[in-house]
Amino acid sequence: MSDVLIGEGFVGEGPHAAHVNTVLGPRDGPVGTAWATALATPRAGHASFVVVARPNMPVKPPTLFVNKAEIRGDQHGRLHWGAAQAAVARAVLESVAEGTVPQGDVEELALIAAVWVDWAASDEEEVYANNVEAARAALASAAEGRPRLEDLLAIATEPANPFFRRG
């Protein structure tokens, strides 16, 4: 794979909703550079880490978990390092198993997963389930080239999201 694929997935509502953005591309290109730079430059409240299926078993392609929400407290941190990370690991490995991410390319790719865990989230099972779906959706939309430009242009005058809707 020589392209950089960018995906987005949003699942759920309220504080347990999951919003995952993915960037997948060759390790020897801009994605690999961004991956290494993000890992090597933590900042207050934001510490990127390598996603593992189990301790000492990082997923393939190597996936960097980037928290979009500043870590606030022990419970919030555990939801990132526990449920949300496990969800991303599962989503990546299932996407590889299904061919969404080509198995033959995993040694050459790097994946960045930017993950939102709300500060008010408390249910780790719901955080896990929503992040599995959101990460899978992000990877699938990137692989399929969604959304199509025609679909975006059809809604250009009425953008909406969970935090804003006109009229």
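Data block above holds the structure.
Residues numbered from 1 in each chain as written. Predicted model: local features only at pLDDT ≥ 70, side-chain atom pairs only at ≥ 80, totals over all residues. Heavy atoms only, no water.

Caption draft 1: Inspection of the overall build of the protein chain at higher detail. Counting secondary structure elements, the protein chain contains four helices and nine strands. Helices (α) and strands (β) of the protein chain occur, in sequence order from the N terminus, as β-β-α-β-β-β-β-α-β-α-α-β-β. Taking 2.2 N^0.38 as the reference for a compact globule, 167 residues should give roughly 15 Å; the C-alpha atoms of the protein chain span a radius of gyration of 16 Å, in line with that estimate. Here the protein chain holds 167 residues, and the buried ones make up 38% of them. (Helix = DSSP H or I, 4+ residues; strand = E, 2+ residues; numbered from the N terminus. Rg over C-alpha atoms; globule rule 2.2 N^0.38 Å. Buried < 20%, exposed > 50% of the residue type's maximum accessible area, 1.4 Å probe, protein only.)

Caption draft 2: Geometry of the packing of helix α2 (residues 73–98) against helix α3 (residues 124–144). Relative orientation of the contacting elements α2 and α3 amounts to 35°, with a least axis distance of 8 Å. Of the two elements, α2 crosses α3, and the hand of that crossing is right-handed. Residues L79, A83, A84, A86, A87, R90, A91, V92, E94, S95 and E98 of α2 touch α3, and the partners they reach there are E124, V127, Y128, N131, V132, A135, R136 and L139. Partitioned by chemical class, the residues of the contact of α2 with α3 number twelve nonpolar, two polar and five charged. (Axes fitted to C-alpha atoms, helices over the stretch in contact; angles between N-to-C directions. Left-handed = near helix turned anticlockwise from the far one by under 90°. Contact = heavy atoms within 4.5 Å. Nonpolar A, V, L, I, M, F, W, Y, C, P; charged D, E, K, R; others polar.)

Caption draft 3: Focus on α3. The terminal C-alpha atoms of α3, which comprises 21 residues, lie 30 Å apart, in line with the 30 Å expected from a rise of 1.5 Å per residue. Residues of α3 that are buried: V127, N130, N131, V132, A134, A135, A138, L139, A140, S141 and A142. Of the surrounding secondary structure, the elements contacted by the buried residues of α3 are β1 (5–11), β2 (18–26), α2 and β7 (109–116). Capping of α3 at its N-terminal end is provided by D123; its side-chain oxygen lies 3.0 Å from the backbone amide nitrogen of E125. (Expected span 1.5 Å × (residues − 1). Polar contact = N/O pair within 3.5 Å; in protein donor to acceptor, adjacent residues only side chain to side chain.)

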